[in-house]
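Chain and residue survey
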Amino acid sequence: MTQHLINPLLIQELIDKLPDGTKREWVHFKRSKRKVTLRTLTDFLSGIVADACEANIDLNCRVENKQVYSGKAKVREQGALFNHAEAETAVSSNLTKRNLKPCVVCQRTDHRLRFCQDFKNLELAVRKNVVDQWKLCNVCLNDHGGTPCKFKMRCNFGGCRERHNPLLHPSNGVVGTSVHICTSNPIIFRMIPVQLQYGERVLSLLAFLDEGASVTLLEQQLADRLGIKGVQEKLTIKWTADVTRVEKQSQRMNLWACTATAGEKLMLKSVRTVNKLMLPAQSLDVQELSKQYAHLRGLPIMSYEGRPEMLIGLNNLHAFAPLEVKLGTAMDPIAVRCHLGWTVYGPKQVIEYQPESYLGYHAEVSNEDLHALIKSHYTLEETVISLPQESAEDRRAREILERSTKRIGQRFETGLLWKADDPWFPNNFSMALRRLKQLENKLQKDPQLYENVCSQIEQYVEKGYAHLATCDELNNTAPGKYWYLPLNVVLNPKKPSKIRLVWDAAASVKGVSLNSQLLAGPDMLVSLVSVIVGFRQYRIAFGGDLREMYHQVKIRAEDKQVQRFLFRKNSDQPPTTYVMDVATFGSTCSPSSAQFVKNKNAKEYAVQYPEAAEAIINRHYVDDYFDSVDTVEEAIRRSKQVSFVHLRAGFEIKNWLSNSHDVLRGLGEQQAMQDVHFSRDKETNNERVLGIVWNPKRDEFSFSTHQREEFQPYMSGGKRPTKRIVLSRFDDVTCESRST
């Protein structure tokens, strides 16, 4: 009954019920409208209601204990409401006496902000700024202080029923297609029922195949049902007109997919999880389509109904690339066969009007509404993924690193990554002394351990990692500019002889700790899988690790006093104050600073030793270096160049290992070849770091049970092993497929 809403006789009948003054206002109001409907009258009357609620007019007609009838409303103590004629006269008289606030946009006093044409012509973001700047109500756009808004209106833009003014409706609030516009030829999107497989679990769902998206997305609740735990990485999704959406808890994973009838299995790589896709629901009746379109008859197309919970993008184009096409006329849908099966999509002609399929208003839409609808349409058609933009914190940390890092001889000096330019610390000497006593109680139970820690402290001073605090440092450092780091000792049960000193930068006093004042810095680590794949790529494998990597990075003098610590050899003596001169284990910015220095040093030698510089930047995972080449000579040359470049920054590679005795002899390693351990296995005493165990003698890799999920995509056939799987570095393969 859409036409009834624009019936001029109905509108005029309602206008006749208004007082004469309001009728004149209506005539002025409707002149600016291209088309007058009941919606236009509703907007006009809403303004009248809002004005009446806000005015709270005292008509100076106080009548006590009286009730007036015969067309007049009941009189109350605080004021009076009269019949239409009397109210019109009283209101007009009162409006001339009081001073109306001018419109904050055009400064006129004959209308409210919500009726201001200049305000309506502003961009949405500017309108919101005006409302925020003048602290106006988001519903009535008036200033009524902290009192609740009496305006009962709700937003009616595109079916929105939120409690805000339609002029403040977010233009990117609708995610999906242009379902607000009624069209005689609706569109069938390319969807297909699929099955996802992970181990023994199988899940059926509806997938949206989108050639306008560069990433494959899956709703998080489905990943949870499959029991998948992927690699967590922040995901920033970007649409047209700079509409963005950030998924901080997104996970990256690989999945097996096949048709709903369990046909050909395909690997979908780099699938990213999102909280909710919010794609449009759709139904497809194959029998109905076959009756209407001859070219679709006899094809094994599957019917479906529901909302897609997965979007497959161009990064998995092999899954839905066209293999066979069935075409009709120019305005008919097409059928395409891909590896996932047959899909139907395109325009669909409607033979007769069906009221239940009506999706929007038949009335004419404004330019603003049309702009929002077109924008929402492209939010689905042009979905792309962008690399996470550098945050303000990471940008500040990088600026500090670039500004404060400089070469001093064969070392680099850098500054701590402060959150603020002038950090302040409370006095935490008492806390540090209490923690020292706790450490002494622990060490006194093991005299050998106590002696080892004392020896390490002496070695720190000899190596220049720390120094005894001078009287000038203790007496002249301003209050709030120094901090004591509690010392702790970490034991590795897998290596009883290895004892590491760690400084507790998270210990706090009055809510302040060293780490609370520091930025973590940008993540410059190379992908774990990238390092391992590079290590497995060629015939000769080799690697090593950097000795005391963090301690080779010096800290500038103005930042050292927040790295004090207490220690003493005898608990009966007063504690001695030491100052750490280098980056410490426990400080939140040490990993980023060490990686920055490592890469900065490599870049300085990139012209002279390009291969070594590239290996240092891209073949390191923290302090571990693993690489592979084709020949023994190349392995020796690259290893020596990498060692030489590292030494220019004070880094020393130790514990060289390889699957070639010739490489080890060329590097001066006397010990025999040993296993490389890349993760932790509770069943053995082997220390692991990255995820696999490599036996260089047999040149084999062993994937531990708890790590196989991460490396499942790289296993032949993608089948999960029952317990362990051993892969030879090279089966009988050709040189062309070796890297694969």
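These remarks concern the structure in this document.

Each value, and the rule that gives it
Residues numbered from 1 in each chain as written. Predicted model: local features only at pLDDT ≥ 70, side-chain atom pairs only at ≥ 80, totals over all residues. Heavy atoms only, no water. Phe/Tyr/Trp six-rings, centres within 6.5 Å; stacked < 30°, edge-to-face > 60°. Helix = DSSP H or I, 4+ residues; strand = E, 2+ residues; numbered from the N terminus. Buried < 20%, exposed > 50% of the residue type's maximum accessible area, 1.4 Å probe, protein only. Expected span 1.5 Å × (residues − 1). Arc of directions from axis to C-beta. Core = buried A, V, L, I, M, F, W, Y, C linked by side-chain atoms within 4.5 Å. Pairing = 2+ DSSP bridges. Axes fitted to C-alpha atoms, helices over the stretch in contact; angles between N-to-C directions. Contact = heavy atoms within 4.5 Å.

Notes on the packing of aromatic side chains
What the rule picks out here adds up to 19 aromatic pairs. Ring geometry for F425 against W483: centres 5.4 Å apart, planes inclined by 45°, an arrangement best described as tilted. Highlighted residues: F425 in the loop between β18 (411–414) and α11 (429–444) and W483 in the loop between α13 (471–476) and β20 (487–492), separated in sequence by 58 residues. A single burial state applies to F425 and to W483, both of which are buried.

As for α11
The end-to-end C-alpha distance of α11, which contains 16 residues, comes to 22 Å, matching closely the 22 Å that a straight helix rising 1.5 Å per residue would cover. What α11 keeps buried is the set M431, A432, L436, L439, E440 and L443.

Some details on helix α6 (residues 124–133)
What α6 keeps buried is the set L124, R127, V130 and V131. Burial along α6 is one-sided: seen end-on, the buried residues are contained in an arc of 120°. Along α6, the residues that are exposed and aim more than 90 degrees away from the buried face are D132 and Q133. Residue K135 follows α6 closely and has a positive phi angle near 55°.

Notes on the nonpolar core
L514, F565 and F567 are the most contacted members of the largest nonpolar core, which has 78 residues in total. Looking at which element gives the most residues to this core, the answer is helix α12 (residues 447–463), with six residues.

What about the sheet that holds strand β17 (residues 406–408)?
Read from one edge to the other, the open sheet built from three strands follows the order β17-β18-β23, with strand pairing classed as mixed. Two strands bound the open sheet, and with one partner strand each, they are β17 and β23 (553–555). With direction set aside, neighbouring strand axes in the sheet form an average angle of 40°. Across three bridges, the pairing between β18 and β23 is parallel. Directly across from E413, in β23, lies its bridge partner K554. The sheet strands contacting helix α16 (residues 590–604) are β17, β18 and β23, and the helix crosses β18 at an angle near 130°.

Let's talk about unusual backbone geometry
Non-glycine residue E548 carries a positive phi angle of around 45°. Secondary-structure assignment places E548 in the loop between β22 (540–546) and β23.

Regarding the environment of E393
Locating E393 in the fold gives a position in helix α10 (residues 392–404). The class of E393 is partly exposed, set by a relative accessible area of 45%. E393 sits 24 residues away from L417 along the chain, and the two C-alpha atoms are 9.7 Å apart.

Overview of the sheet that holds strand β1 (residues 187–188)
If you walk across this open sheet you meet the four strands as β1-β15-β14-β13, and the pairing is antiparallel. Each edge of the open sheet is held by one strand with a lone partner, namely β1 and β13 (324–326). As paired elements, strand β14 (residues 334–338) and strand β15 (residues 341–347) share five bridges and run antiparallel to each other. Each residue of the ladder has a partner; that of V336, found in β15, is T343.

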